[in-house]
Each structure stands twice: as structure tokens, then as C-alpha cells.
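An overview of the molecular structure
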Amino acid sequence: MVQCEMCGAETGSPKTIKVEGAELDVCDNCSDFGTEVKTQDTSSSTSTKYSTSSSSSGSSGSSSSSSTSSSSSQSRRSDMFDDMDEIAQDYDDRIRNARESEGMTQEDLADELNEKASLIRKLERGDVLPSDEVRQKLESELDIRLTAGSSADDEEWSGGSSSGEYTLGDVVKRKD
């Protein structure tokens, strides 16, 4: 029995459908959510609209998908978020304490940064996150750091023996 890739139900005869560019093996109930993909059982090397190579869709197609999944479990692809700095949770307190220790009002700080005083008020209340430009101005003017260092959570995701069988329930921390 195969598990439906959309709802998780056990199905004996999954259908392959295409949903927003991804091919999924789903049960009969979920097959209406996408367009059914017709698989070719011939050994000719014709390519279809969705194929990425001109090889036959026989055994070579399944071997390429298994090699792709095994290589992706060894190392995670980097994305744009790896290069971004994470704003500290207590950025509002850091800004307020640094401003007060300099003896500045919110209006004085806004004038020094060439920003509006309302932005400083919102930042100190924690209503808005500072943009990269404003964060850099604040850090240089008040001589503080608003970015958080790497945490233990980053270490958990950086590698190790990942079997690729995590679900959302494994990583979400509930507020019960």
C-alpha cells in the first residue's frame, strides 16, 4: 500500500497528478486537486512537455528520483535566508536602553538618524521590525547590536543524520 502524498491516506492504486508544477502520487479523493499525468510505458525515448530528460520513463526515471532524494538528504541546499541576519527578540529593549543611556529623547534619535520620531516610537514598542537600513543606522549611532547570534536551533538543522521523515509536528513548539 502506498501513502497519498497529499492527505496521507493509504491507497492501493495511486494516481499521478500535477499540482502547480509538482508531480504527486495521490488517492482517488485527492486526484481532483490537480491534472492527471499520463505515464508512458513504452521504451521509446520520446520526451513529453513535463519531462526533464529524453530518457524513457521506465526504470531510469525512478532511479533518477531516488538518487535526487538521497543526495538532498545528505546536504541541504542554501537559500536566501542563510545570508540574512536575524533580529534579536529583545531589539525594542536594546534600542530604548541604549537611547536612554545616551540621554537622548526619541525625537533627538530620530533627528540623528534622519528618520521620523513615530518610527522610533514603533520600534521601541516592538510594533515594527527595523529595516536593514534603519538597523544599521541604529547600530552605528547607539553602538549596539540588534542581530541575534547563532542559536542552538540552527545547529539542529545544520546537518546530522537526517532521514527526511520530519513532519511539521516534529518541529513546532506548541503554546499550551
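The coordinates are above.
Here the structure is a predicted model, which is why all the values come from computation and not from measurement.

**What to know about the pairing of strand β4 (residues 22-26)**
Judged from the five bridges that link them, strand β3 (residues 15-19) and β4 form a sheet pairing that is antiparallel. Bridge pairing in β4 links K18 to E23. Joining the antiparallel neighbours β3 and β4 is a turn of two residues, in which E20 adopts a positive phi near 50°.

**Here we look at the sheet that holds β4**
Here three strands make up an open sheet; going across it, the order is β4-β3-β5 and the pairing antiparallel. Edge strands, defined here as strands with exactly one partner in the open sheet, are β4 and β5 (35-36). Note: β3 against β5, two bridges, orientation antiparallel. Each residue of the ladder has a partner; that of K18, found in β5, is T35.

**Observations regarding the packing of helix α3 (residues 106-113) against helix α5 (residues 132-142)**
At a minimum axis distance of 10 Å, the contact between α3 and α5 shows a crossing angle of 110°. Here α3 is positioned roughly perpendicular relative to α5, judged by the angle of their axes. Considering only the axes of α3 and α5, their crossing is right-handed. Across from L109, E112 and L113 in α3, the residues of α5 making contact are K137, L138, E141 and L142. For the contact of α3 with α5, a count of residues per class yields four nonpolar, no polar and three charged.

**What about the nonpolar core?**
Judged by nonpolar contacts, the single largest core of 16 residues is most densely connected at I95, L109, L123, L138 and L142. Sorting the residues of this core by element identifies α2 (91-101), α3, α4 (117-125) and α5 as the ones contributing at least two each. For I95, the residues in contact, after removing those within four places along its chain, are L123, E124, L138, L142, I144 and L146. Judged by nonpolar contacts, the second largest core, of six residues, contains I17, L24, C27 and C30.

Parameters at a glance
- Here the residue numbering is sequential within each chain, running from 1 through the sequence in written order.
- For this predicted model, a pLDDT threshold of at least 70 governs which residues receive local features, and a threshold of 80 or more governs which side-chain atom pairs are given and counted, while totals over whole chains, interfaces and linings are taken from all residues.
- Each side-chain value is worked out from all heavy atoms of the structure, with water and hydrogens disregarded.
- A pair of strands is considered paired only if DSSP assigns at least 2 bridges between the two.
- Each helix is a run of DSSP H or I of at least 4 residues and each strand a run of E of at least 2, with the numbering of both proceeding from the N terminus.
- Axis angles are defined between N-to-C directions and span 0 to 180 degrees, where every axis is a line fitted to C-alpha atoms and, for a helix, only to the segment in contact.
- An angle counts as roughly parallel when it lies under 35 degrees, as roughly antiparallel when it exceeds 145, as roughly perpendicular when it falls between 65 and 115, and as oblique in every other case.
- In this scheme, a crossing is called left-handed if the near helix is turned counterclockwise away from the far one by less than a right angle; it is called right-handed if the turn is clockwise.
- Here, residues are in contact when the closest pair of their heavy atoms is within 4.5 Å.
- Polar here means any residue other than Ala, Val, Leu, Ile, Met, Phe, Trp, Tyr, Cys and Pro, which are nonpolar, and Asp, Glu, Lys and Arg, which are charged; Gly is therefore polar.
- By nonpolar core we mean a set of buried residues, namely Ala, Val, Leu, Ile, Met, Phe, Trp, Tyr and Cys, connected to one another through side-chain atoms within 4.5 Å.
- Relative accessibility under 20% of the residue-type maximum defines a buried residue, over 50% an exposed one, and the middle range a partly exposed one, all with a 1.4 Å probe and only protein chains included.

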